[in-house]
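# Fold and geometry: a report
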Amino acid sequence: MRALSSVLLYTRSRVVGTRRGSTVLAVATDETRRQGARLLALRQSRGWSKPDLALRLDLESTYSYSRYERGETVIRFDQVPKWAAAFEMCIVGFSAYAL
């Protein structure tokens, strides 16, 4: 199994799939859950649905976006401009609010 590069405190995990016989875990920490809650609030304040935002972000599915709101996936540094544009915000404003 490919090692997780940055692991904080394991507070909840669940199996989300397997790859070549290895188990892939989705891990949500308190910090990633807070980021997810901020994304949820930001999306709802604009009146957008999950499919709307998944389309704006060019994600494969609504499920892919939902993983961010649940705190199972975090926004990587190189993705911040894409997310800021999707929320129609400047990079600094998005970073200050959502990250």
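The coordinates are above.
The rules behind the values
Residues numbered from 1 in each chain as written. Predicted model: local features only at pLDDT ≥ 70, side-chain atom pairs only at ≥ 80, totals over all residues. Heavy atoms only, no water. Salt bridge = Lys/Arg side-chain N within 4 Å of Asp/Glu carboxyl O. Buried < 20%, exposed > 50% of the residue type's maximum accessible area, 1.4 Å probe, protein only. Helix = DSSP H or I, 4+ residues; strand = E, 2+ residues; numbered from the N terminus. Polar contact = N/O pair within 3.5 Å; in protein donor to acceptor, adjacent residues only side chain to side chain. Contact = heavy atoms within 4.5 Å.

### Some words on the pattern of salt bridges
Side chains that carry opposite charge are capable of pairing whenever their charged atoms lie near each other. Per the stated rule, a full pass over the model turns up nine salt bridges. Between arginine 38 and glutamate 31 there is a salt bridge, and its shortest N-O distance comes to 3.6 Å. Between arginine 70 and glutamate 72 there is a salt bridge whose closest N-O contact spans 3.3 Å. Owing to a relative accessible area of 28%, arginine 70 belongs among the partly exposed residues under this scheme. Taking the relative accessible area as the measure of exposure, glutamate 72 reaches 9% and is therefore buried. In the salt-bridge network here, residues are joined through shared partners; they are Glu31, Arg34 and Arg38.

### Some thoughts on the side chain of glutamate 69
On the secondary structure map, glutamate 69 appears in helix H3 (residues 62–69). In this structure the side chain of glutamate 69 is engaged in a polar contact, spanning 2.6 Å, whose partner is the side chain of tyrosine 65. Setting aside residues up to four positions removed in sequence, glutamate 69 forms contacts with Gly36, Ala37, Leu39, Leu40, Arg43 and Lys50.

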